[in-house]
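So the chains spell out like this:
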Amino acid sequence: MDRFKLRKAEPKDVPDILRLIKELAKYEDMEDQVILTEKDLLEDGFGDHPFYHCLVAEDPSEQSPVVIGFAMYYFTYDPWIGKLLYLEDFFVMKEYRGFGIGSEILKLLSHTAVKSRCSSMHFIVAEGNQASIEFYKRRGAADLSLEEGWRLFKIDKSSLLKMSSAEE
Ligand SMILES: CC(C)(COP(=O)(O)OP(=O)(O)OC[C@H]1O[C@@H](n2cnc3c(N)ncnc32)[C@H](O)[C@@H]1OP(=O)(O)O)[C@@H](O)C(=O)NCCC(=O)NCCS
């Protein structure tokens, strides 16, 4: 691939972002867990207080440019080290992999993190996704589950509702 273009996502990209979210979920064998809609993505990412940011990669060689990859991220805070950039989703379509698009996206995200005075970039990777684990490690990533023993938890909505009503 000769050229590709990276840019900040715009509201018109929401259908493509959802398409790529679903492709990544499929890649991870968890497609049925995606319940998010285009409406959610539009409201949550492009209002006055966006919950997430997105970069998209485009193939400009087509008559109308095609979105071929994306990264979804947001800023979060760690009480020990302060500001963090959290990389939530990162995906390049299979036929476009290996051309440096992923590396360019990470370069831009690193620049954003440094400019925003973040101390680190955090993300989770599925245990079986060895190709990505190696991709990140080659770029300096440390495996915190192995090195520091952290485990990822969630409290789902039914438990939240139970707790919240128990407190009334
Ligand atoms: C991880 C991912 C976003 C990287 O995107 P990319 O555009 O392929 O990235 P690059 O081209 O910059 O680098 C890919 C690396 O794999 C190698 N590679 C070569 N051909 C490849 C191919 N066909 N597919 C994947 N990787 C290839 C490249 O040489 C490069 O190696 P390097 O680390 O030594 O530079 C992409 O592989 C992807 O979407 N994977 C599936 C989804 C995924 O696992 N996402 C991350 C979830 S945590």
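Residues take numbers from 1 onward in each chain, read along the sequence in its written order. Local features are withheld for residues below a pLDDT of 70 in this predicted model, meaning they are given only at 70 or higher, and side-chain atom pairs are given and counted only at 80 or more; totals for whole chains, interfaces and linings count all residues. For side-chain calculations, the full set of non-hydrogen atoms in the structure is used, while hydrogens and water are omitted.

- In the nomenclature of an unreviewed UniProt entry, the chain is known as Diamine acetyltransferase 1 of Oncorhynchus kisutch.
- Quoted verbatim from the Subcellular location (unreviewed entry) field of UniProt, the annotation for the chain is "Cytoplasm".
- UniProt positions are given in the numbering used here, feature names are shortened, and annotations may be inferred rather than shown by experiment. Its UniProt record gives the chain the following Pathway (unreviewed entry) comment, quoted word for word: "Amine and polyamine degradation; putrescine degradation; N-acetylputrescine from putrescine: step 1/1."

Topic: the overall build of the chain
Thought 1: For helices the rule is a DSSP run of H or I covering at least 4 residues; for strands it is a run of E covering at least 2, with both sets numbered from the N terminus onward. For the chain, the helix and strand inventory stands at 6 helices and 5 strands.
Thought 2: Mapped from its N terminus to its C terminus, the chain presents α and β elements in the order β-α-α-β-β-β-α-β-α-α-α.
Thought 3: The dimensions of the chain, computed from C-alpha atoms along their principal axes, are 60 × 40 × 35 Å.
Thought 4: Only protein chains enter the calculation, and the probe is 1.4 Å; a residue is then buried if its accessible area is under 20% of its type maximum, exposed if over 50%, and partly exposed in between. Counting over 168 residues, the chain shows a buried share of 30%.
Thought 5: Every residue pair with non-hydrogen atoms within 4.5 Å of one another is taken to be in contact. Excluding contacts between residues fewer than 6 apart, the proportion of contacts in the chain whose partners are at least 24 apart in sequence is 54%.

A few points about the environment of Asp156
Thought 1: Mapped onto the secondary structure, Asp156 falls in the loop between α5 (144-148) and α6 (157-166).
Thought 2: N or O atoms within 3.5 Å of each other form a polar contact, as long as, within protein, one can give a hydrogen and the other can take it, and as long as residues adjacent in sequence are counted only when both atoms are side-chain atoms. At 3.1 Å, the side chain of Asp156 forms a polar contact with the side chain of Ser159.

Some points on the UniProt feature "domain: N-acetyltransferase" (unreviewed entry) in the chain
Thought 1: In the numbering used here, UniProt assigns the "domain: N-acetyltransferase" (unreviewed entry) feature to residues 4-162.
Thought 2: Counted over residues 4-162, helix gives 36% and strand 24%. Its end C-alpha atoms are 48 Å apart.

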